[in-house]
Amino acid sequence: MAPLRTLVIFLLLLLALVPALSRPDGGGGFYDPARVTQLSWRPRAFLYSGFLSHDECDHLVNLAKGRMEKSMVADNDSGKSIMSQVRTSSGTFLSKHEDDIVSGIEKRVAAWTFLPEENAESIQILHYELGQKYDAHFDYFHDKNNLKRGGHRVATVLMYLTDVKKGGETVFPNAAGRHLQLKDETWSDCARSGLAGLKCY
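Residues numbered from 1 in each chain as written. Predicted model: local features only at pLDDT ≥ 70, side-chain atom pairs only at ≥ 80, totals over all residues. Heavy atoms only, no water.

1. Brief notes about the overall build of the protein
The helix and strand inventory of the protein stands at 4 helices and 9 strands. Put simply, the protein runs from its N terminus to its C terminus through helices and strands in the order α-β-β-α-β-β-β-β-α-β-α-β-β. Taking as baseline every contact in the protein between residues at least 6 positions apart, the subset at least 24 positions apart corresponds to 56%. Of the roughly 13600 Å² of accessible surface on the protein, 58% is carried by carbon and sulfur atoms. (Helix = DSSP H or I, 4+ residues; strand = E, 2+ residues; numbered from the N terminus. Contact = heavy atoms within 4.5 Å. Areas by Shrake-Rupley, 256 points an atom, 1.4 Å probe, with all protein chains shown as cover.)

In structure tokens, the structure reads:
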């Protein structure tokens, strides 16, 4: 009976995920394993092509207009936000459940990561001009203040809102198998330094 109970629980889990992963625009929004590509197992990195619709991407970009400020980093000792040449982009945070579209995306991220929605940070919109970057870093905190506020991040979901002909990759410089990835002239110098995620949305 144990295998049957396991199967029933698994099916119930799948049924619970279907509405959570549906998109408001009806554009192929159900979870489709064929859209997922494993980029790396160490670290665990996966690409979900088409996670956002074009309309959702445009909506997030429009929400961020007029709100962008110089991106900051967390100081390793105090935890306070400080400016650094390590990170030269601009960005802004949206409010949790800012509108129905944002709420739908937040629910989909929670379902995709199998992590509670209430544990997530607010969505951050980032913009990189030509030549801007965020140097190699870990997405966890070193200071005690940020750890007290929410603990370490256990997952990061990056959603590309636009596409470019060259550059813009997210690179994992120490990923296993990074030397096996084939790259041509469309890949940036940064992308050539490690395992690079594709620029898809």
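2. A look at the pattern of salt bridges
For the structure on display, the rule yields 3 salt bridges. One salt bridge in this structure joins Arg-67 and Glu-98, with 2.8 Å as the shortest N-O distance. Placement of the pair is Arg-67 in the loop between helix H2 (54-64) and strand S3 (69-70) and Glu-98 in the loop between strand S6 (90-93) and helix H3 (100-113), with a sequence separation of 31 residues. Among the residues examined, Glu-98 registers a relative accessible area of 27% and is labelled partly exposed. (Salt bridge = Lys/Arg side-chain N within 4 Å of Asp/Glu carboxyl O. Buried < 20%, exposed > 50% of the residue type's maximum accessible area, 1.4 Å probe, protein only.)

3. A closer look at the side chain of Ser-71
Summarising the element assignment, Ser-71 is placed in the loop between S3 and strand S4 (73-74). Within the structure, the side chain of Ser-71 is placed 3.4 Å from the backbone nitrogen of Ser-90, a separation counted as a polar contact. (Polar contact = N/O pair within 3.5 Å; in protein donor to acceptor, adjacent residues only side chain to side chain.)

4. Observations concerning the sheet that holds S3
Read from one edge of the open sheet, 3 strands run S3-S6-S7, paired in antiparallel fashion. Looking along the sheet, the strands with just one partner apiece sit at the ends: S3 and strand S7 (124-127). When S3 meets S6, the two strands line up antiparallel, connected through 2 bridges. Within S6, the position partnered with Glu-69 by the bridge is Gly-91. (Pairing = 2+ DSSP bridges.)

5. Some words on H2
Buried within H2 we find Glu-56, Cys-57, Leu-60, Leu-63 and Ala-64. Around the axis of H2, the buried residues are gathered within 130 degrees of arc, so they sit on the same side. Opposite the packed face of H2, turned more than 90 degrees from it, sit the exposed residues His-54 and Asp-55. Taken together, the buried residues of H2 touch S6, H3 and S7. Immediately beyond the C-terminal end of H2, within one or two residues, lies Gly-66, with a positive phi of roughly 80 degrees. (Arc of directions from axis to C-beta.)

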